[in-house]
Amino acid sequence: MKTIDRKTMIHAVICLGIVLLTALLTILIAGIGKKQSSSIQTMSANFAGVQANHSAAIASNLVERTKLTSSSLVIPIYLSKEQQIARVPLEQYVAGVVAAEMPPDFELEALKAQAIASRTYIIRRIVDHDYSGVPVNGAWVTDTVANQAYTGDQQLQEEWGTLKYKDNMAKIKRAVDETAGLIITYSNKPINATFFSTSNGYTENSEDYWGDYIPYLRSVSSPWDAKLSPKYKQIVRMPYKQFLTKLGIETALPVNAASNSMQKAETSQGHRIEKIRIAGKLFSGKDIREKLQLNSSAFSWRISGETIEITTIGSGHGVGMSQWGANGMAQEGKTAADILKHYYTGIELQPDSKYMKL
């Protein structure tokens, strides 16, 4: 057996140390690699979770935005008597307009036609950001005929009494519920759904009363009003001098001479006076109606002594849907859609959700 010299022993120890150190380093590196890999996996999982949560939030937000259609709209109404703003859900607002604008004993299909027209009126204003005619900021519409009349539940109960209120509102709410979300459109836009009480047998072209041509507001026949409406005919008498004063006419002509100067210039397609010259001054039928506060611009007159007697046929501006005509159509078995398509030319009925996604 050979004796190992000191130098050889030292060399062996150093080699063994290097081997052990290398092994230890390998183990440490492997451990660190595992931790890093685990950390990276954790970070990836966390990021994926964040992405998933974010995507879910976006999806949820889109769902909520889709739900924000007219059914969740609240209409700020300026109450003219109270001089304050009331905020009312859309369909409740529509019910209040129908109650204010149309007799509750009308046929259900007429009430439904009114509900659709009234809903269309406010939706168009919202879509067009048209809040004209409202005296205060923050309101979208008034409760007067300057826009469309609206009456709240409390006032209706006072006007109708408890029992009639219950029956009337049940019928009106049925009309509103069965047409919920439905509006009138022309060329895929909500129309200006004008309406009025009673025709003279015809409705009026928009340009013949307001001066603006609107393709869906065309003159159509409406024969039902004459039989049904208590407002079909009205006679107004006043001193002839008062008549001239209201029109802003100053003349020294005797009554007979002045009356001979009243000449019809033109009659509209809707059989209303479009223009008339009185004592040399030219008026539109609309001017005469508004200045004399007549029911209609379809009128005739006669002079009796110092008094002028003016007979009007129909009630209202005459443009759009006749309410009494709508009731007459409903009595003949016509549906709300039939009524609206008769009075508004070339229109369609569509869900308001198409226009009201926010």
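Residues numbered from 1 in each chain as written. Predicted model: local features only at pLDDT ≥ 70, side-chain atom pairs only at ≥ 80, totals over all residues. Heavy atoms only, no water.

**Overview of the pairing of strand 1 (residues 74-79)**
Part 1: Across the 6 residues that make up strand 1, a large majority, 5, are buried.
Part 2: Relative to strand 2 (residues 84-89), strand 1 runs antiparallel, the two being bridged by 6 bridges. Residue pairing for strand 2: Ile77 is matched across the bridge by Ala86.
Part 3: Hairpin geometry of strand 1 and strand 2 is characterised by an intervening segment of 4 residues between the two adjacent antiparallel strands and by a positive phi of about 55° at Gln83.
Part 4: Pairing between strand 1 and strand 3 (residues 141-142): 2 bridges, direction parallel. Considered in strand 3, the bridge of Tyr78 is made with Thr142. (Buried < 20%, exposed > 50% of the residue type's maximum accessible area, 1.4 Å probe, protein only. Helix = DSSP H or I, 4+ residues; strand = E, 2+ residues; numbered from the N terminus. Pairing = 2+ DSSP bridges.)

**Overview of the packing of helix 3 (residues 108-127) against helix 12 (residues 336-343)**
Part 1: Close contact between helix 3 and helix 12 brings their axes to 8 Å; oriented N to C, the two are set at 55°. When the axes of helix 3 and helix 12 are compared, the pair comes out oblique. Considering the relative orientation of helix 3 and helix 12, their crossing is right-handed. Across the interface between the two elements, Glu109, Ala110, Lys112, Ala113 and Ile116 from helix 3 touch Ala336, Ile339 and Leu340 from helix 12.
Part 2: Taken together, the residues of the contact of helix 3 with helix 12 break down into 6 nonpolar, no polar and 2 charged. (Axes fitted to C-alpha atoms, helices over the stretch in contact; angles between N-to-C directions. Parallel < 35°, antiparallel > 145°, perpendicular 65-115°, else oblique. Left-handed = near helix turned anticlockwise from the far one by under 90°. Contact = heavy atoms within 4.5 Å. Nonpolar A, V, L, I, M, F, W, Y, C, P; charged D, E, K, R; others polar.)

**Brief notes about the side chain of Asp208**
Part 1: Mapped onto the fold, Asp208 is located in helix 6 (residues 206-209).
Part 2: For the buried Asp208, no salt bridge exists, and the shortest N-O distance to an oppositely charged side chain is 6.7 Å, to Arg218.
Part 3: Setting aside residues up to four positions removed in sequence, Asp208 forms contacts with Ser268, Gln269 and Glu274. (Lys, Arg positive; Asp, Glu negative; His and termini not counted. Salt bridge = Lys/Arg side-chain N within 4 Å of Asp/Glu carboxyl O.)

**Some points on the environment of Asn188**
Part 1: Note that Asn188 resides in the loop between strand 4 (182-186) and strand 5 (189-190).
Part 2: When its relative accessible area of 44% is taken as the criterion, Asn188 is described as partly exposed.
Part 3: Separated by 167 residues in the primary sequence, Asn188 and Tyr355 place their C-alpha atoms 9.1 Å from one another.
Part 4: For Asn188, the contacting residues outside a window of four places in its chain are Gln350, Lys354 and Tyr355.

**Side note on unusual backbone geometry**
Part 1: The residue Gln83 is not glycine, and still its phi comes out positive at about 55°.
Part 2: Assignment of secondary structure puts Gln83 in the loop between strand 1 and strand 2.
Part 3: Residue Gln83 is classed as exposed on the basis of its relative accessible area, which comes to 62%.
Part 4: Phi is positive for His271, which is not a glycine, with a value near 60°.
Part 5: Turning to its location among the elements, His271 is positioned in the loop between strand 8 (263-267) and strand 9 (273-278).
Part 6: Residue classification places His271 among the partly exposed positions, given a relative accessible area of 45%.

**Notes on the pairing of strand 10 (residues 281-284)**
Part 1: Where strand 9 lies against strand 10, 4 bridges are found, and the strand directions are antiparallel. Bridged to Ile276 within strand 10 is Phe283.
Part 2: Adjacent in sequence and paired antiparallel, strand 9 and strand 10 are bridged by 2 residues, among which Ala279 carries a positive phi angle near 50°.

**A few points about the layout of surface pockets**
Part 1: Its boundaries defined by the atoms lining it, the largest pocket holds a volume of some 870 Å³.
Part 2: Glu101, Val145, Asn147, Phe195 and His317 are, among the 32 residues lining the largest pocket, the residues nearest its centre.
Part 3: Of all the secondary-structure elements, those providing two or more residues to the lining of the largest pocket are helix 2 (90-101), helix 3, strand 6 (195-196) and helix 11 (323-331).
Part 4: With 3 residues, helix 3 is the single largest residue contributor to the lining of the largest pocket.
Part 5: The residue makeup of the lining of the largest pocket, split by class, is 14 nonpolar, 11 polar and 7 charged.
Part 6: Residue lining of the second largest pocket: 14 residues in total, with Leu79, Glu82, Asp143, Gly152 and Gln155 positioned closest to the centre. (1 Å grid on protein atoms, 1.4 Å probe; cavity = no way out; pocket = protein on both sides within 12 Å on 5 of 7 lines; lining within 4 Å. Points joined across faces, edges and corners; volume = space filled by probe spheres on them.)

**Thoughts on helix 5 (residues 162-177)**
Part 1: Between its terminal C-alpha atoms helix 5 stretches 22 Å, which fits the 22 Å expected from 16 residues at 1.5 Å a residue.
Part 2: Within the span of helix 5, buried status applies to Tyr165, Asn168, Met169, Ile172, Ala175 and Val176. Along the long axis of helix 5, the arc covered by the buried residues comes to 115°, so they all point the same way. In helix 5, the exposed residues that point more than 90 degrees away from the buried face are Leu163, Lys166, Asp167 and Asp177.
Part 3: Those residues of helix 5 hidden inside the fold are in contact with helix 2, helix 3 and helix 4 (153-160). (Expected span 1.5 Å × (residues − 1). Arc of directions from axis to C-beta.)

Function cannot be read off these values alone, since they describe shape.
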